[in-house]
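Architecture at a glance
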Amino acid sequence: MRQVITVLRSRILFTIILPYLLLVIMVMLVGSGIAMTLVAGSWQERFNNQLGQVARNFAETLALREISNIAYLGQIVFTAANADSGAPAVVDAIARRDGDGLAIALRSLWTLGQSNENISPDRLIVFDPTGMALLDWERSPVGDEPIRYVGTNLAGLPLIEQVLQGVQTPVGTNEILGDKYSGLIAFQQADGSQILHFFTVAPVYARADDTDAPQLLGGVLVAQRLDRTLNFLQERSQAALTVWLDSNGDLLAATVPESFRSLFRLNADQIEMLVRMNALGTCLDIGNLTGRLVTPIEPVRLPTCSLSTTISAGDYEYQLVYAPLLIRGSQSGYFAVGLSRDFILSAWASSRNAVIGVTAGLALAAVIVGYWVARQITRPLDELVAVADAVSAGDLDRRSMVQAENELGRLALAFNQMTAHLLHLYQTSRQLNRELQIDAILQIATTSATDLKPQTEAIAIVPDTDGWRFRVRSNAPLNYATLTEHTLTTLPVNGETQLVPYTDSLLAAGGVQSALVVPLLREQQTIGALIFAHPERNAFSSAVLPHLQAIANMTAVALVNALLYEAAQRDAEQRRAILAAISDGVIVSDVRGRIVLLNPAAQQLLQLVLPAHADLSIHDLPLTGKAARSELFGRPEEVVTIGHRFLAVGRAPVCMTDGTRLGEVIVLHDVTSAIQIDRAKTDFIATISHELRTPLTVVRGYLELILRQATSALDAEQREMLEEVRQSAIQMTHLVNNAIMIASLDAGQIEVQIQPVALAPVIEDALRPYRAVLGERDIQVLLIIPDDLPPVLADRELLKQALSQLFDNARRYVHQGQILVSAGVDSDTLWLAISDTGPGIPTEIMERLFTRFQRVDGNNSAQRGGGLGLAITRQLLELQGGSITVTSTHGQGSTFTIRLRYTRERGRVVGG
């Protein structure tokens, strides 16, 4: 017995299992007793039977409503004439289409139907063979007098058409129920809404005598509002709630609040289940739902299977039964009735005291026994957890004092051994992580490996320019140090860790007999190797190898980082050398604008403005200049002035591949000489242009004087020659004026005075010099300028010059057709469009059309310009805060659109 107890105490498995096994057996016995004493299933069965009876009551009440409707329609159709009240027979009134007579004849029946709760009509309609209502009454919300509607047309409704066509009502087989129909119909209200009604309709026939075939006179329809009908059915069936659904499972009416109605719809899976159960005929049904029919027929098979489910609505839980809805023996959607499950819950509440008492006793016993069992386990575990917490907090010298003879004792011993190894690895890892020098890393790895296995040496193989070379620690033994004199052409590793008795000639010459080889990996590529070498064969036993492998893996990571650091250092030195050799200034800043790199050229260019403090920021440097527009001899670029130097500033963001911005690169190019040359060229052009304009003015004056005074002395040919000379002088004058304007623009000598300007007079002034020439060519000029056009904010003379350039351009290129000038207001700008019927502009020169010396091919006459007009126009408009764009279809003409700011004030305006 003592031996058995010793065995049980030595295994923690038995310490836990035996007490709780006894507790589980106790719980099972008590639970079985409770299950046998409580007959909970009987309550649910009674509840299901009650719910089935409610569903049967619902179906039978609906059938009774249909039967009552049919009987009521029969009373209406067979109502005879009443001489006392002057009411005609209903059939005669329908035959004569006597609506007023029908109103008299049916008044008493309407009142009778209102008092009959099985009928209680909300709508009564008598209609002729075309479906047009002869009488249409609706229950009034106040009083007994019905509301009468005129013009109701039932033609086209499916069931109405079957009545008018004498079609008999079919069921699921070939049996015929008659010519009455029941179903749902929607009547539109005065406010446009539609209200569903349950209706029954019957045809009205008449015959002259017994030998004649009956003649269809029309029909009679009685209908009750679906919501009132559903409340009536719920009251008669004694259901807690009722739902009427269509064939798709969507709600048509329900006696539940609007917020809960979506819970009661049938989904496609539930409908499919109902159809499948009714097709197979094997289901739990709720009895015969066919109802009692007026016409006795043979029993037929109809869908009667139901689907039971539970739904929570608010604070209540309901059990519902869904079943096919049968009207006149045919399925017409689905219905659901439900009862509150408070019935079952109250039954359980009656016995909960006993259940709570037993449960409490069992829980108390479980707590006591469980606490006792837990303490037997947790006492040593608490001590182990405390040691583990101390170790994880950094106290690697902490050891467990558990001395038990079971698994916990062996766990404590193993934990102490692992902690010692962890301390060794942790110290090695910390030392390796602090180093980026290969020699220091190899020294740490050798020392750590020697603690495990003496005489172990760490050797690295790193890439070299012509292969691979050995690296050892500085104080390595001589036999290992000689390895650094040799170069390898291939690595002694195949991509994974290897433990081999080494036979390589170089290592064997150095005395290596055993080696653990670990690859150095970077991005899945082998970039070197680490070798733990030993002079004995099979030196690394299974007890030493896992710890040595851990040291090797940490050392390999440190060596990879050291190699990357060395490579980064070399790359940095190369970049510094390259930047120092660049003649342009290069500045690199981070995302906050702090300067992280400044090459010597940049320091020389910025020496006059560099701050004295060490923390340089790009915001402290005057690197924001103005665009130096020198389109005559080069591209426009941003230029800053520092001292006597002019520097072109180029900026570019520094971004990662994922788009993350790291900073900015700024390149400074000394353009002092180029700008000086450019200014000299501009001054030269301006001087030459001014010098040319004076003699050209004299030539033009004398030519015009000769042409006016020597009319009779010159023949036609001489006069034509002089006229050509005059036109050439005018052309040269225009070119000279444009050159002077370009020089003035480049020199910044154009003064701009922005003020409100009336646009129409400026257009007329700019167009006036060209009207005569355009008229000689039969070119029509159309002006579409609104009278209420607001003034533009512009310089009148500069705007006139810009428009003159555009009209002169049109004069040169348009040879026939018309020039259309239109204007209007668009959001915050005023637009002015000049359209022509010229040759158009080729697509390939559209982008550079507004640059200087760009001309459209196809006009080789002497009247073509020098390619400066559109460039001048653009610059003049930009000086006034405007813009110009062009659209063109080659061969069909062009449209130049100017956009200018405008003022909404109608005050002082500069006119013509």
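What you see is a predicted model, and the numbers here were worked out from it, not measured in a lab.

Applying the stated rule across the entire model yields 4 aromatic pairs. An angle of 55 degrees between the planes, with centres 6.2 Å apart, marks the rings of phenylalanine 198 and tryptophan 244 as tilted. With phenylalanine 198 in strand β7 (residues 194–206) and tryptophan 244 in strand β9 (residues 241–245), this pair connects stretches of sequence that are 46 residues apart. Of the two residues, phenylalanine 198 and tryptophan 244, neither departs from the other in class, the shared state being buried.

So, about the side chain of serine 448. One can find serine 448 in helix α12 (residues 438–452). Take serine 448: its relative accessible area is 4%, and that puts it in the buried class. A distance of 2.8 Å separates a polar atom in the side chain of serine 448 from a polar atom in the side chain of threonine 428. With residues up to four places along the chain from it excluded, the contact list for serine 448 reads His424, Thr428 and Ile551.

Between helix α19 (residues 759–776) and helix α20 (residues 796–813), the shortest axis-to-axis distance is 9 Å and the interhelical angle comes to 30 degrees. Between α19 and α20, the interaxial angle falls into the category roughly parallel. Considering the relative orientation of α19 and α20, their crossing is right-handed. Residues Leu759, Pro761, Val762, Ile763, Asp765, Ala766, Leu767, Tyr770, Val773 and Leu774 of α19 lie in contact with α20, whose contacting residues are Arg796, Leu799, Lys800, Leu803, Ser804, Phe807, Asp808 and Arg811. Split by residue class, the contact of α19 with α20 holds 12 nonpolar, 1 polar and 5 charged.

What follows is about the sheet that holds strand β29 (residues 818–826). Read from one edge of the open sheet, 5 strands run β27-β29-β30-β32-β31, paired in mixed fashion. What marks the edges here is a single partner per strand, and that holds for β27 (780–784) and β31 (883–889). When the angles between neighbouring strand axes are averaged without regard to direction, this sheet yields 15 degrees. Where β27 and β29 come together, 5 bridges link them in parallel fashion. What sits directly across from glutamine 780, in β29, is glutamine 818. The strands that helix α21 (residues 869–879) touches are β31 and β32 (893–901); relative to β31, the one it contacts most, it runs at about 140 degrees.

Scoring rules and cut-offs
In this convention, every chain numbers its residues from 1, walking through the sequence in written order. Residue-level local features of this predicted model are given only where pLDDT is at least 70; pairs of side-chain atoms are given and counted only at 80 or more, and the full residue set underlies all totals for whole chains, interfaces and linings. Excluding hydrogens and water, the side-chain figures rest on all heavy atoms present in the structure. Side-chain rings of Phe, Tyr and Trp, where Trp is taken by its six-membered ring, are said to pair if the distance between their centres is within 6.5 Å; with planes under 30 degrees apart they count as stacked, over 60 as edge-to-face, and otherwise as tilted. Put simply, DSSP H or I for four residues or longer makes a helix, DSSP E for two residues or longer makes a strand, and each gets a number counted from the N terminus. Relative accessibility thresholds used throughout: buried, under 20% of the residue-type maximum; exposed, over 50%; partly exposed, between the two (1.4 Å probe, protein chains only). A 3.5 Å cut-off defines polar contacts: any pair of N or O atoms within that distance qualifies, except that in protein one atom must be a possible hydrogen donor and the other a possible acceptor, and neighbouring residues in sequence count only when both atoms are side-chain atoms. We call two residues in contact when some of their heavy atoms are within 4.5 Å. Fitted lines through C-alpha atoms give the axes, limited to the stretch in contact for helices. The angle between two N-to-C directions lies from 0 to 180 degrees. Here the angle decides the label: under 35 degrees means roughly parallel, over 145 means roughly antiparallel, 65 to 115 means roughly perpendicular, and every other value means oblique. Put simply, a crossing is left-handed when the front helix is turned counterclockwise from the back one by less than a right angle, and right-handed when it is turned clockwise. Each residue gets one of three labels, nonpolar for Ala, Val, Leu, Ile, Met, Phe, Trp, Tyr, Cys and Pro, charged for Asp, Glu, Lys and Arg, and polar for the others, Gly among them. When DSSP finds two or more bridges between a pair of strands, those strands are recorded as paired.

No statement about biological role is implied by the geometric values presented.
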